[in-house]
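# Chain and residue survey
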Amino acid sequence: MPELPEVETICRGLNHLTLDRAILGGDVLLASSIARSMSASDFLTKLKGKSIERWYRRGKYLLAELSQCRGGAPVPAQTVLPSTSPLGGGWGGLTSSVFLPSQTGWLGVHLRMTGQLLWVNQSEPLPKHTRVRLFLEENQELRFVDQRTFGQMWYVPSETEVSSVVTGLKVLGPEPFSAEFSTAYFAQKLHRRARPIKTALLDQSLVAGLGNIYADEALFVSGVLPTTLCADLTADQIGRLHAAIIQVLQKAIASGGTTFSNFLNVQGVNGNYGGVAWVYNRKGQPCRACSTPIERIKLAGRSTHFCPVCQTKGEVNGF
DNA sequence: AATAGAACCTGCGGGC
DNA sequence: TGCCCGCAGGTTCTAT
């Protein structure tokens, strides 16, 4: 379900609502929702007595920094700083807080296609696809609901490098809003590559966080056909696409995630990506810019939508 | 090394 | 009404 803007929206909501409350217990209704690095019972045992200090997003991953609640076992201070951050490159300001003495592990979450993280009262009726429940103080609950069961949760002990457990973090490229994601970097990664640009945009090692919706939207805004081979992109096209990726994602975050989906934020409220998509899921409907019917093809096994006129003009679309 | 395709699941909507 | 097919926002494993 979620791409970067939706995960960012969830992350902000979680930081607003879930911090500094003791995790008193939990319930794993589907064992496979806990990544196989750990059993479901160990997962719950490790989380019990901890609280969430802060949520972070990396690509489409959510990571909660945990701390020990008062009354818990004392945590020895870290005396030797490791040479690399446990969260790997591209994490920016997070590194400095990782080895505070109170830090006692991480909770990782990936929502995959249909996962939802909801902050509810424990008395709320359980949706059919409830997979994991974490019970916090004052009868509150962090509830993981996931119809297609692809979503995953991880517990990572504080002395362990996060990416050694949440292995998907290892292959993530730069955050799209970071300085590392420069036009020069983008051009270099596309240089002489044979695959279509749409396929490349879905590759999380190129840039982290784009998914099928925003890849199509960014290609429309930049006026580039999704079938264009990376090697055939002009410097101008690469520049427009680089800018469009950032613009489309920022706009979606500003609107609280997409609305053409069953996306819900942590309080169960639908997002609002400026109201509309330019091309995604609009096959046969008139282009919002030129009225030409939107076309739909398949690339890398994913449906791909584009305007055959606007994306061949050699200029930016949208306003 | 780079790339394509299948696999992992459940449910929904369209066509017959 | 019911069955079969394709489709769904993601990642990872396997095969070329």
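Residues numbered from 1 in each chain as written. Chains lettered and ligands numbered in written order. Predicted model: local features only at pLDDT ≥ 70, side-chain atom pairs only at ≥ 80, totals over all residues. Heavy atoms only, no water.

## What to know about the UniProt feature "binding site: DNA" (unreviewed entry) in chain A
Heads up, the condition is: UniProt positions are given in the numbering used here, feature names are shortened, and annotations may be inferred rather than shown by experiment. Per the convention used, a helix needs a DSSP run of H or I reaching at least four residues, while a strand needs a run of E reaching at least two, with both numbered from the N terminus. Throughout, a residue-residue contact means that at least one pair of heavy atoms, one from each residue, lies within 4.5 Å.
UniProt annotation of "binding site: DNA" (unreviewed entry) refers to His-129, Arg-148 and Arg-193 when read in the numbering used here. Maximum C-alpha separation among the annotated residues is 40.8 Å over a sequence range of 65 residues, too wide for a single clustered spot. Mapped onto the fold, His-129 is located in the loop between strand 5 (115–121) and strand 6 (130–136). Not counting the four nearest positions on each side in its chain, His-129 is found in contact with Phe-144, Val-145, Asp-146 and Gln-147. With respect to the secondary-structure elements, Arg-148 resides in the loop between strand 7 (140–146) and strand 8 (152–156). In this structure, Arg-148 is in contact with Met-113 and Thr-114, ignoring residues within four places of it in sequence.

## Some words on helix 6 (residues 212–222)
To keep it simple, the criterion reads: In this scheme, a residue with accessible area under 20% of its type's maximum is buried, one over 50% is exposed, and one in between is partly exposed, where area comes from a 1.4 Å probe on protein chains only.
Across the 11 residues of helix 6, 11 count as buried, placing the element largely inside the fold. Considering only its buried residues, helix 6 is in contact with helix 1 (4–17), helix 5 (197–202), helix 7 (235–254) and strand 10 (302–306). Just past helix 6, the residue Gly-223 takes up positive phi, approximately 70°.

## With respect to the protein's contact with DNA strand B
Selection criterion: Nearness of a residue to a molecule or strand requires only that one of the residue's heavy atoms be within 4 Å of it. Polar contacts, as counted here, are pairs of nitrogen or oxygen atoms within 3.5 Å of one another; within protein the pair requires one atom able to donate a hydrogen and one able to accept it, and residues that are adjacent in sequence qualify only if both atoms are side-chain atoms. In this classification, Asp, Glu, Lys and Arg are treated as charged, Ala, Val, Leu, Ile, Met, Phe, Trp, Tyr, Cys and Pro as nonpolar, and every other residue, Gly included, as polar.
Every residue close to DNA strand B is listed here: Lys-128, His-129, Gln-147, Arg-148, Thr-149, Phe-150, Arg-193, Ala-194, Arg-195 and Thr-199. When the atoms of DNA strand B within 4 Å of the protein are grouped by moiety, sugar and phosphate amount to 63% of the total. His-129 places a polar side-chain atom, nitrogen or oxygen, 3.5 Å from a phosphate oxygen of DNA strand B. Here Arg-148 contributes a side-chain N or O atom positioned 3.2 Å from a base oxygen of DNA strand B. Looking at side-chain class alone, the surface near DNA strand B contains two nonpolar, four polar and four charged residues.

## Some details on the pairing of strand 5
Strand residues, when the strand is regular, have side chains that alternate between the two faces of the sheet. Test applied: At least two DSSP bridges between two strands are required for those strands to pair.
When you tally the buried positions in strand 5, you get six out of seven residues, the bulk of the element. Direction of pairing for strand 5 relative to strand 7: antiparallel, over a ladder of seven bridges. Residue pairing across strands places Leu-117 opposite Phe-144, the latter belonging to strand 7.

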